[in-house]
Amino acid sequence: MRPIQMVDTKNQYLKIKNEVDKAVIDVMESTAFINGRPVHEFAANLSAYVGAKHTIPCANGTDALQIAMMALGLQPGDEVITPSFTYIATTEVIALLRLTPVFAEVDAQTFCITAETIEKVITPKTKAIVPVHLYGHAAPMEEIMDLAAKYNLYVIEDNAQAIGCDYTFSDGTKKKTGTIGHIGTTSFYPSKNLGGFGDGGAIFTNDDGLAAMLKMIANHGQNRQYYHDVVGCNSRLDTMQAAILNIKLSHLDEYLDARRNAADFYDKAFTKHPKITIPYRADYSRHVFHQYTIVLNDVDRDGLKQYLADNKIPSMIYYPVPGHKQKMFEQFNVASKPMPVTDWLTERVISLPVHTELDSEQLEFITSKVLEFINR
Ligand SMILES: *Cc1c(COP(=O)(O)O)cnc(C)c1O
């Protein structure tokens, strides 16, 4: 059996090596390392893929969130509602911009914030909502957008884990996550579903005014060279990454199918087990399984993790410490507010290897070892 990895970017690369190597050499020969033609081609192809009017490439998914929040003209002290149960990047940039993070509880099945949990923490100072499509399952965007309209709030979707996820509205129309809110952001960190060979990110919007502002902010606040109208930053996707991502984008749907196949395999093995809750798949969301995360019921999680490690099976806890318990946020007085679902999940989730290169022998081995530990 081939060694099992949490993500297998090496074997994924080997399958498209010729294409990728040629694209990289072309960039080297062009020496257009910054803002070269592949950057524009990739942005156009990605816009077409997700169905966004505008795609603004940038340096990483954290910058994408920061630039999105800067573009909305929020003022220090404005409140931004977001999950505590997410990667730190989502919540960190709120604090970085001197905005106030306000954590909403997640749903125990989808791991995402909902209109109901968001509404509970809305105050007169609330200006924006940042739902996260955690692990590749969409947050309930239709109800979140309705709520945002009711309270006149902006919505920025953190789509770093869900690129390619189809969202179905109650009238049957479909959109990709990241294109439903006023702004969507994503990351091309190597382990993401569309991963580069280094850092990268992008911002989506259908609003022409916001697009112009996002572009300007990502480029030192200028749209004419050396004339800086607003305070911005320097956040670029380099040409080499764009050239590689352009090739990987053409394989993205296959990659998502491979992830879903692995998830289906796990589901079959674990379904109905009283001590394992398999990932929920809401009707409105076509899961893209950035992570395959199960919830353990009455299982020694550390023991399971160790047992898997002893069998050379990696596993991860995403995330061991939720935002409201991070020292970083003590200044915001969030620790005092109870987050029972988030805390409950934090103690019980475990993510198993899921990527595009898993074969049935590996999957069989992983599921058998998980069950062996849990059933003993
Ligand atoms: C990966 C990730 C980010 C940040 O992306 P980077 O490219 O690493 O900066 C933001 N939010 C979520 C939910 C992520 O998973």
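Note on numbering: residues in each chain are counted from 1, in written sequence order. This being a predicted model, a pLDDT of at least 70 is required before a residue's local features are given, and a value of 80 or more before pairs of side-chain atoms are given or counted; all residues contribute to the totals for chains, interfaces and linings. Excluding hydrogens and water, the side-chain values take into account all heavy atoms of the structure.

Asks: Got a minute to help me understand the sheet that holds strand β5 (residues 154–158) in this structure?
Replies: Note: strands within a sheet are paired through backbone hydrogen bonds, in either parallel or antiparallel orientation. Read from one edge of the open sheet, 7 strands run β1-β9-β8-β5-β4-β2-β3, paired in mixed fashion. This sheet does not close on itself; its edge strands, each paired only once, are β1 (54–58) and β3 (100–104). The average undirected angle you get between the axes of adjacent strands in this sheet is 25 degrees. In what follows, residue pairs with any heavy atoms lying within 4.5 Å of each other are defined as contacts. Each axis is a line fitted through C-alpha atoms, taken for helices only over the stretch in contact, and angles between the N-to-C directions span 0 to 180 degrees. Put simply, DSSP marks the helices as runs of H or I at least four residues long and the strands as runs of E at least two long, and each gets a number from the N terminus on. Along the sheet, helix α3 (residues 37–50) makes contact with β1 and β9 (201–205), crossing β1 at roughly 135 degrees. Most of the contacts of helix α4 (residues 61–71) go to strand β8 (residues 183–187), to which it runs at about 165 degrees, and overall it touches β1, β5, β8 and β9. By the convention used here, strands pair only if DSSP detects at least 2 bridges between them.

Asks: Is there a simple way to explain the site of the ligand in this structure?
Replies: Nearness of a residue to a molecule or strand requires only that one of the residue's heavy atoms be within 4 Å of it. Within the structure, the ligand sits among 14 residues, and Gly 61, Thr 62, Asp 158, Ser 187 and Lys 192 are positioned closest to it. Here a polar contact is taken to be a pair of N or O atoms separated by no more than 3.5 Å, where protein atoms must pair a possible hydrogen donor with a possible acceptor and residues adjacent in sequence count only if both atoms sit in side chains. Gln 161 is positioned such that a nitrogen or oxygen atom in its side chain is 2.8 Å from an oxygen atom of the ligand. In the model, an oxygen atom of the ligand is placed 3.1 Å from a nitrogen or oxygen of the Lys 192 side chain. With residues, only the protein chains shown are counted as cover, and all accessible areas are computed by Shrake-Rupley using a 1.4 Å probe. Relative to its unbound accessible area of 380 Å², the ligand is 92% covered by the protein chains. Of all the secondary-structure elements, those providing two or more residues to the shell around the ligand are α4 and α5 (88–96). Note that Gly is not counted as nonpolar here; it falls among the polar residues with everything else outside the nonpolar set of Ala, Val, Leu, Ile, Met, Phe, Trp, Tyr, Cys and Pro and the charged set of Asp, Glu, Lys and Arg. Looking at side-chain class alone, the shell around the ligand contains 4 nonpolar, 8 polar and 2 charged residues.

Asks: What should I look at first to understand helix α2 (residues 17–30) in this one?
Replies: In an α-helix there are 3.6 residues to a turn, and that puts residues three or four apart on one side. Multiplying 1.5 Å by the residue count of a helix minus one yields the expected span of that helix. Given a rise of 1.5 Å per residue, 14 residues ought to cover 20 Å, and the 20 Å separating the end C-alpha atoms of α2 matches this to within 8%. Categorising residues by exposure relies on relative accessible area from a 1.4 Å probe, with only protein chains included: less than 20% of the type maximum marks a residue as buried, more than 50% marks it as exposed, and the intermediate range marks it as partly exposed. Here α2 has its buried residues at Val 20, Ala 23, Val 24 and Val 27. Projected down its long axis, α2 shows its buried positions confined to an angular sector of 95 degrees, all on one face. Set apart from the buried face of α2 by more than 90 degrees, the exposed residues are Asn 18, Lys 22 and Glu 29. Note that the arc is computed from the directions linking the helix axis to the C-beta atoms.

Asks: What's the story with the packing of aromatic side chains in this structure? I'm lost.
Replies: Each pair of aromatic rings is reported with the distance of its centres and the angle of its planes. Stacked, edge-to-face and tilted are the three classes for Phe, Tyr and Trp ring pairs, Trp counted by its six-membered ring, which pair at centre distances within 6.5 Å; planes under 30 degrees apart are stacked, over 60 edge-to-face, the rest tilted. Per the stated rule, a full pass over the model turns up 15 aromatic pairs. Note on Tyr 266 and Phe 270: the rings are 6.0 Å apart at their centroids and 5 degrees apart in plane angle, and the pair reads as stacked. Within this pair, Tyr 266 and its partner Phe 270 are both found in helix α10 (residues 252–270), separated by 4 residues, close to a single helical turn. Across this residue pair, the class does not change: Tyr 266 and Phe 270 are buried. Seen from the ring of Tyr 227, Arg 224 lies directly overhead, with NZ or CZ sitting 3.8 Å from the centre. Any Lys NZ or Arg CZ found within 6 Å of a ring centre and within 35 degrees of that ring's normal is scored as a charge over the ring. Here the guanidinium or amino end of Arg 376 rests over the ring plane of Tyr 307, the centre of that ring lying 5.1 Å away.

Asks: Looking at this structure, I do not really get the pairing of strand β4 (residues 126–129). What am I missing?
Replies: Each regular strand carries side chains that alternate between the two faces of the sheet. One ladder, built from 3 bridges, connects strand β2 (residues 79–83) with β4; its direction is parallel. Looking at β4, one finds that Glu 79 is bridged to Thr 126. Inspection of the sheet shows β4 paired to β5 by 2 bridges, in the parallel sense. In the sheet register, Ala 128 faces β5, and the bridge partner there is Tyr 154.

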